[in-house]
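Each chain, written out:
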Amino acid sequence: FQHKAVEAAIQQLARRVVLGQSAFSIERLWQEMFRNEFARGGPILNSAIGAIEMACWDIVGKALEGHPQDVLELGCGTGMLLFQIAPHTRSYTGFDISPRAIEFAEKLVVDEHLGDKRPRLMVTAPGLTFGDFAGQTFDVLLAQSVFTHLPAESIEECFAHVGKVMHASSQF
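### Some points on the overall build of the protein
Then, in step 1: Of regular secondary structure, the protein possesses 6 helices and 5 strands.
Then, in step 2: The N-to-C order of helical and strand elements in the protein reads α-α-α-β-α-β-α-β-β-α-β.
Then, in step 3: Taking 2.2 N^0.38 as the reference for a compact globule, 172 residues should give roughly 16 Å; the C-alpha atoms of the protein span a radius of gyration of 16 Å, in line with that estimate.
Then, in step 4: Over its C-alpha atoms, taken along the principal directions, the protein stretches across nearly 45 × 30 × 30 Å.
Then, in step 5: For the protein, the residues scored as buried account for 43% of the 172 residues in total.
Then, in step 6: Long-range pairs, those at least 24 residues apart, make up 67% of the contacts in the protein with a sequence separation of at least 6.
Then, in step 7: Placing the 14 positive and 20 negative side-chain charges of the protein at their respective mean positions leaves the two points 3 Å apart.

So, in structure tokens, the structure goes:
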């Protein structure tokens, strides 16, 4: 019965929050879906939000065909988006708190022959203050499925500091 509950939650959230909104507003939509629900943080709600978030990222991926120059991925993990995005950008920077995930992504960069793109992969300490990127800005910032794994305080920290790495036409 859980799959039916998740399906119903997706339909309800889509009707109330998502339809008619920009897919590039993923973080805002995520916040609205998560914060305005009675069952905040439950497995059914989190699964529904995650499914909607992934659908939005699919739409965004298609939209990125405009070839942004500089991309920053928060919580890049093992590089799921790296291999889809880096070949089409001037620079790709990804960070994660997991050294093992970054090591795996670095190996895949070699295996997938992306070394000429010189993606920058970093292990960062927990926290989203963007101190490692002083003076650097990005055209697109990605955070696929990151916020579903973070406590509210970390998400708020991210939104408080993300402007440091954005310019007037950046998309997050």
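### Side note on the nonpolar core
Then, in step 1: Of all hydrophobic cores here, the largest spans 49 residues; its most connected members are Leu72, Leu74 and Phe130.
Then, in step 2: Here this core takes 7 residues from helix α3 (residues 43-63), the largest share from any one element.
Then, in step 3: Excluding its chain neighbours within four sequence positions, the residues that come into contact with leucine 74 are Phe95, Leu128, Phe130, Leu141, Leu142, Ala143, Val146, Cys158 and Phe172.

### Comments concerning the pairing of strand β5 (residues 166-171)
Then, in step 1: Of the strand pairs in this sheet, strand β4 (residues 138-142) and β5 are connected by 2 bridges, and their pairing is parallel. Of the residues in β5, the one forming a bridge with valine 140 is glutamine 171.

### Here we look at the pairing of strand β2 (residues 91-96)
Then, in step 1: The buried fraction of β2 is high, at 5 of 6 residues.
Then, in step 2: Examined bridge by bridge, strand β1 (residues 70-74) and β2 share 5 bridges and lie parallel to one another. Looking at the pairing, leucine 72 lines up with threonine 93 of β2.
Then, in step 3: Tracing the backbone out of β2, into helix α5 (residues 99-111) and back to the parallel element strand β3 (residues 120-123) gives a crossover that is right-handed.

### As for the state of the cysteines
Then, in step 1: According to the stated counting rule, one finds 0 disulfides in the structure shown.
Then, in step 2: Note on cysteine 56: no disulfide assigned, nearest cysteine sulfur contributed by cysteine 158 at a separation of 17 Å.
Then, in step 3: Look at cysteine 158 and you get buried, because its relative accessible area is 0%.

### Digging into the sheet that holds β4
Then, in step 1: One open sheet holds the 5 strands; their spatial order is β3-β2-β1-β4-β5, and the pairing between them is parallel. In this open sheet, the two strands that pair with only one neighbour each are β3 and β5. The average undirected angle you get between the axes of adjacent strands in this sheet is 25°.
Then, in step 2: With 4 bridges joining them, β2 and β3 adopt parallel strand pairing. Its bridge partner lying in β3, threonine 93 is registered against arginine 120.
Then, in step 3: Packing against the sheet, α5 makes contact with β2 and β3, and its axis sits at approximately 165° to β3.

### Some thoughts on the packing of aromatic side chains
Then, in step 1: Counted according to the given criterion, the structure contains 8 aromatic pairs.
Then, in step 2: With 5.9 Å between their ring centres and 85° between their planes, phenylalanine 133 and phenylalanine 138 make a pair best called edge-to-face. Residues phenylalanine 133 and phenylalanine 138 agree in their burial class; the two are buried.
Then, in step 3: Judged by centre distance (5.5 Å) and plane angle (35°), the ring pair of phenylalanine 147 and phenylalanine 159 falls under tilted. Of the two residues, phenylalanine 147 is situated in the loop between β4 and α6 (152-161) and phenylalanine 159 in helix α6; the sequence distance between them amounts to 12 residues.
Then, in step 4: By relative accessible area, phenylalanine 147 is classed as buried at 1%.
Then, in step 5: Site record: aromatic cluster; members linked through ring pairs are Trp30, Phe34, Phe147, Phe159 and Phe172.

Cut-offs used in this document
Residues numbered from 1 in each chain as written. Predicted model: local features only at pLDDT ≥ 70, side-chain atom pairs only at ≥ 80, totals over all residues. Heavy atoms only, no water. Helix = DSSP H or I, 4+ residues; strand = E, 2+ residues; numbered from the N terminus. Rg over C-alpha atoms; globule rule 2.2 N^0.38 Å. Buried < 20%, exposed > 50% of the residue type's maximum accessible area, 1.4 Å probe, protein only. Contact = heavy atoms within 4.5 Å. Lys, Arg positive; Asp, Glu negative; His and termini not counted. Charge placed at Lys NZ, Arg CZ, Asp CG, Glu CD. Core = buried A, V, L, I, M, F, W, Y, C linked by side-chain atoms within 4.5 Å. Pairing = 2+ DSSP bridges. Right-handed = clockwise from strand over helix to strand, strands pointing away. Disulfide = S-S within 2.5 Å. Axes fitted to C-alpha atoms, helices over the stretch in contact; angles between N-to-C directions. Phe/Tyr/Trp six-rings, centres within 6.5 Å; stacked < 30°, edge-to-face > 60°.

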